[in-house]
Structure formats: C-alpha cells, structure tokens
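Coordinates in review
Take a look at the letters that make up each chain.
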Amino acid sequence: MKTNFIFDKNMTALERSLNYRSMNQKLIVSNIANMDTPNYKAFKMMVDEKMQAASQDNPPLNMTRTQIGHMAITGNATDLGNVERVESSPLSLRGDGNTVELDTEMANLAENTLMYNTATRIISNKFKLLRDVIKGGQ
C-alpha cells in the first residue's frame, strides 16, 4: 500500500525546517559562547535561503558510510546547511577582532526558537489529525 499521501511534501519541508533550525540553534549558541574570545568571527546560517532552495526539487545526494560506526545518511544536497562568516560592522567598537554582537545573536536565537516551535506545533497537529482519522473520529 502506498503511504506517500500521508506524509506529503509539507511534512518533508517541516522536517527539513526542524533540522535547519536545530543546526542554527547550535551555531547561534556557539557564537554567544565565544563572544569574549579574541578574533572570533561569528557565523550565520542562511536558513531561509536554504529552505527556499530546498523547496525546488533538487536531485538526491547519495552518501556512503566510510566507517562501520557511522550512521546511515539519506537526504539531498540541501541538507548540508549554508553557513557564512559574519563580517564585522564598521561601527563596531570592539578592538579585539571579535564580530559577535550579543543583541543580534539573542534576537536571532529568539526568532529561531519561535520558528522551531511553530514547526513542531504544525507537525504535532498533523499527527493528531492522523490519529483522529485512524480512530474514526472518536
């Protein structure tokens, strides 16, 4: 029996969004943790751009395990996340070469958390709907 109609492209996009948002969370927290490290250059993940690119059907990326302990990976080329260094602002008053701006990072963290929570709620509602259908509306 074919089950593709249950988990449609929306579910795939939501899964991809959760993956990107999780990676972005780690990146933002890493930036915050290194805010006092001299010459540390902040990183920024271009999540929205990656989601836009992923919405277009890209050819799948076939990966192979090189070690027995590695997890099997399936996915496409857009799962690799686009990470860029943040250029230092010419208005920055920091003299140590660090490009982390705490206010910006905290705003990015809040936005990322909201987007992650939204995706989890949508997925949760889809599973509740599926459960109700299986139970027959009872």
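Below is a short write-up of the structure. Since this is a predicted model, take the numbers as computed values, not measurements.

The rules behind each value
- Residues numbered from 1 in each chain as written.
- Predicted model: local features only at pLDDT ≥ 70, side-chain atom pairs only at ≥ 80, totals over all residues.
- Heavy atoms only, no water.
- Helix = DSSP H or I, 4+ residues; strand = E, 2+ residues; numbered from the N terminus.
- Buried < 20%, exposed > 50% of the residue type's maximum accessible area, 1.4 Å probe, protein only.
- Contact = heavy atoms within 4.5 Å.

Right, let's talk about the environment of Ile 123 for a bit. Here Ile 123 lies in helix 3 (residues 102–135). Residue Ile 123 is classed as buried on the basis of its relative accessible area of 14%. Setting aside residues up to four positions removed in sequence, Ile 123 forms contacts with Met 11, Leu 14, Glu 15 and Leu 18.

Along the chain, Tyr 116 turns up in helix 3. With 91 residues separating them along the chain, Tyr 116 and Gln 25 place their C-alpha atoms 9.3 Å apart. Aside from chain neighbours lying at most four places away, what touches Tyr 116 is Leu 18, Arg 21 and Ser 22.

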